[in-house]
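# Per-entry structural report
What follows is the residue order along each chain.
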Amino acid sequence: MERSGETAINIPESNSAKHKSVPLASATTKAVPLPQPAWKRGVSIFDFILRVCALVAALAATATMGTTDQTLPFFTQFFQFQASYDDLPTFTFFVVANAIASGYLLLSMPFSIVTIVRPHAAGVKLLLLILDTVVMAFTTAAAAAATAIVYLAHNGNSNTNWFAICQQFNDFCQRVSGAVVGSFIAAVILICLVVLSAVALRRH
């Protein structure tokens, strides 16, 4: 028997209540480091190899020029014919410049190793790029100045009464010519290092 005046109201179950019984899967994101590009490490290794080659060339140029000295077997009562690198300020500057380049290349090798271990180290690469450019210009200037003197030693200059001396001082001219070639090799390698560093920074 139903009571009069009473109505039953059915409340539907809300969707939020249904969803409470279902556990939500929590999505967690973890920062995964991107793999280092292989080409960057390869460029850094090639940079180190070029520095070793440039160091050998600059050291050879420094040692060859710095030990160049020839005395002719004949002499007079008052004169002894001798040619030495330090008789000319240009050759002295050549020795100093290549010695500085050799010291820099030796000191730059640990920084080059750092770029191999950390290919994304842009600060170290930028520092090497700046210093490589300075040393490259320094070495090129010394080699170019010495080349002019070597040319005069081989061919002379009649307009300035500069006589060719290589017919008498053959060993002296051969050694200074070899030193100049070694210095130019070091300068070319330094140019390659500058270009290589610039490309690596451009694609960084």
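- As named in an unreviewed UniProt entry, the chain is CASP-like protein, taken from Salvia splendens.
- Here the chain is described in UniProt, under the heading Subunit (unreviewed entry), as follows: "Homodimer and heterodimers."
- Recorded under Subcellular location (unreviewed entry), the UniProt text for the chain is reproduced unchanged: "Cell membrane".

### Topic: the packing of aromatic side chains
- The full count for this structure, using the stated rule, is 2 aromatic pairs.
- For the ring pair Phe-91 and Phe-172, a centre distance of 6.4 Å and an interplane angle of 55° mean the geometry is tilted. With Phe-91 in helix H3 (residues 89-117) and Phe-172 in helix H5 (residues 170-202), this pair connects stretches of sequence that are 81 residues apart. Pair check on accessibility: Phe-91 and Phe-172 agree, each one buried.
- Considering the side-chain rings of Phe-93 and Phe-138, the 5.6 Å spacing of their centres and the 75° angle between planes classify their relative orientation as edge-to-face. Linking Phe-93 in helix H3 with Phe-138 in helix H4 (residues 122-155), this pair joins segments that are 45 residues apart in sequence.
- You can call Phe-93 partly exposed: its relative accessible area is 32%.
- Taking relative accessible area as the criterion, Phe-138 reaches 29% and is therefore assigned partly exposed.

### Describing the side chain of Lys-125
- Looking at where Lys-125 falls in the secondary structure, it is placed in helix H4.
- Despite being buried, Lys-125 has no salt bridge partner; Asp-47 is the closest side chain of opposite charge, sitting 8.9 Å away.

### What about the environment of Ile-100?
- Position of Ile-100 among the secondary structure elements: in helix H3.
- With 35 residues separating them in the primary sequence, Ile-100 and Val-135 have C-alpha atoms 8.2 Å apart.

### Some remarks on the UniProt feature "transmembrane region" (unreviewed entry) in the chain
- UniProt's feature table lists "transmembrane region" (unreviewed entry) at residues 48-68, 88-114, 126-153 and 179-201, given in the numbering used throughout.
- Secondary structure within residues 48-68 divides into 90% helix and 0% strand; the distance between the first and last C-alpha atoms comes to 31 Å.
- A helix fraction of 100% and a strand fraction of 0% characterise residues 126-153, whose end C-alpha atoms lie 41 Å from each other.

### Some words on the nonpolar core
- Counting 20 residues, the largest nonpolar core has Met-65, Phe-91, Phe-94, Phe-172 and Val-176 as its most contacted members.
- Look past the residues within four positions of Phe-94 in its chain and what remains in contact with it is Ala-61, Met-65, Ala-142, Ala-143, Ala-146, Ala-179, Val-180 and Ser-183.

Reading the values: the criteria
- Residues numbered from 1 in each chain as written.
- Predicted model: local features only at pLDDT ≥ 70, side-chain atom pairs only at ≥ 80, totals over all residues.
- Heavy atoms only, no water.
- UniProt positions renumbered as here; feature names shortened; annotations may be inferred.
- Phe/Tyr/Trp six-rings, centres within 6.5 Å; stacked < 30°, edge-to-face > 60°.
- Helix = DSSP H or I, 4+ residues; strand = E, 2+ residues; numbered from the N terminus.
- Buried < 20%, exposed > 50% of the residue type's maximum accessible area, 1.4 Å probe, protein only.
- Lys, Arg positive; Asp, Glu negative; His and termini not counted.
- Salt bridge = Lys/Arg side-chain N within 4 Å of Asp/Glu carboxyl O.
- Core = buried A, V, L, I, M, F, W, Y, C linked by side-chain atoms within 4.5 Å.
- Contact = heavy atoms within 4.5 Å.

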